Amino acid sequence: MGIAAHKVPEGLALGVIARAALNSRASAITWCAAAESATLLGAVTESLLEPYIGLYTLYVLLALAGGSFLYLGAHAVHAELRRSGPAPTLWPALTGVAGSSMLRYFVH
């Protein structure tokens, strides 16, 4: 349920970025569908391999995926920090951290 709930705003954001970057609406939709299909492919792959790879290996793979997202987020914040300075960079980053923390506090 959490993955599905977070995919809606992520998909909208990706759609806006793709539409702004590409010449046609059709190509933006195609690239967004290709990017979002990776989630479905990952879910199917995990469901098929889970009985064979074991829980520890699954945790290692999830840690690698999580670390990759942390790296990408830190890289984006660092690039924006160099481009715009601390205030325009850190406020949106802190808002994201606060928002996810509040969701965790109230949903958990």
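From a predicted model like this one, the values you see are computed outputs, not experimental measurements.

(A) Fine view of the overall build of the protein. For the protein, the count of helices and strands is three helices and zero strands. Each helix and strand of the protein, ordered N terminal to C terminal, gives the series α-α-α. A compact globule built from 108 residues would reach a C-alpha radius of gyration of about 13 Å, whereas the protein, at 17 Å, exceeds it by more than 25%. Each of the three principal axes of the protein carries a C-alpha extent, and together these read 50 × 40 × 30 Å. Residues counted as buried form 6% of the 108 residues belonging to the protein. Of the roughly 8900 Å² of accessible surface on the protein, 74% is carried by carbon and sulfur atoms. Here the protein contributes 6 positively and 5 negatively charged side chains, and the mean placements of these two sets differ by 13 Å.

(B) Structural view of the layout of surface pockets. Considering only enclosed or pocket space, the largest pocket measures out at about 780 Å³ in volume. Taken together, 24 residues make up the lining of the largest pocket; nearest its centre are Ala38, Thr39, Gly42, Ala65 and Phe69. For the lining of the largest pocket, a count of residues per class yields 15 nonpolar, five polar and four charged.

(C) How the structure looks around the packing of helix 2 (residues 25-84) against helix 3 (residues 86-107). In contact at an axis separation of 7 Å, helix 2 and helix 3 are set at 150° when each is read in the N-to-C sense. In this view, helix 2 runs roughly antiparallel relative to helix 3, as classed from their interaxial angle. Between helix 2 and helix 3, the residues in contact are Val77, Glu80, Leu81 and Ser84 and Pro86, Pro88, Thr89 and Ala93, respectively. Here the contact of helix 2 with helix 3 is composed, by residue class, of five nonpolar, two polar and one charged.

Conventions used here
For every chain, the first residue of its written sequence is number 1, and the numbers climb from 1 along that sequence. Under the rules for a predicted model, residues below a pLDDT of 70 receive no local features and side-chain atom pairs below 80 are neither given nor counted, while totals for whole chains, interfaces and linings still include all residues. For side-chain calculations, the full set of non-hydrogen atoms in the structure is used, while hydrogens and water are omitted. Under the DSSP-based scheme used, a helix requires at least four consecutive residues in state H or I and a strand at least two consecutive residues in state E, with every element numbered from the N terminus. We compute the radius of gyration over the C-alpha atoms and compare it with the globule rule, which gives 2.2 Å times the number of residues raised to the power 0.38. When accessible area is computed with a 1.4 Å probe and restricted to protein chains, residues below 20% of their type maximum are described as buried, those above 50% as exposed, and intermediate ones as partly exposed. In these tables, accessible area is a Shrake-Rupley quantity obtained with a 1.4 Å probe, and a residue counts as shielded only by the protein chains included in the view. Under the convention used here, Asp and Glu are negative, Lys and Arg are positive, and both His and the chain ends fall outside the count. Where a charge lies is defined by one atom per residue type: Lys uses NZ, Arg uses CZ, Asp uses CG and Glu uses CD. Here a cavity means grid points, on a 1 Å grid over the protein atoms only, where a 1.4 Å probe fits yet cannot get out; a pocket means an open set of points with protein on both sides within 12 Å along at least five of seven lines; lining residues are those with an atom within 4 Å of a point. Grid points are joined across faces, edges and corners, and a volume is the space filled by probe spheres set on the points. Under the convention adopted here, Pro, Cys and the residues Ala, Val, Leu, Ile, Met, Phe, Trp and Tyr are nonpolar, Asp, Glu, Lys and Arg are charged, and Gly plus all remaining residues are polar. Every axis corresponds to a line fitted to the C-alpha atoms, with the helix fit spanning only the stretch in contact, and the corresponding angles, defined between N-to-C directions, vary from 0 to 180 degrees. Throughout, the term roughly parallel applies to angles under 35 degrees, roughly antiparallel to angles over 145, roughly perpendicular to angles from 65 to 115, and oblique to all others. Whether two residues are in contact is decided by their heavy atoms, any of which lying within 4.5 Å being enough.

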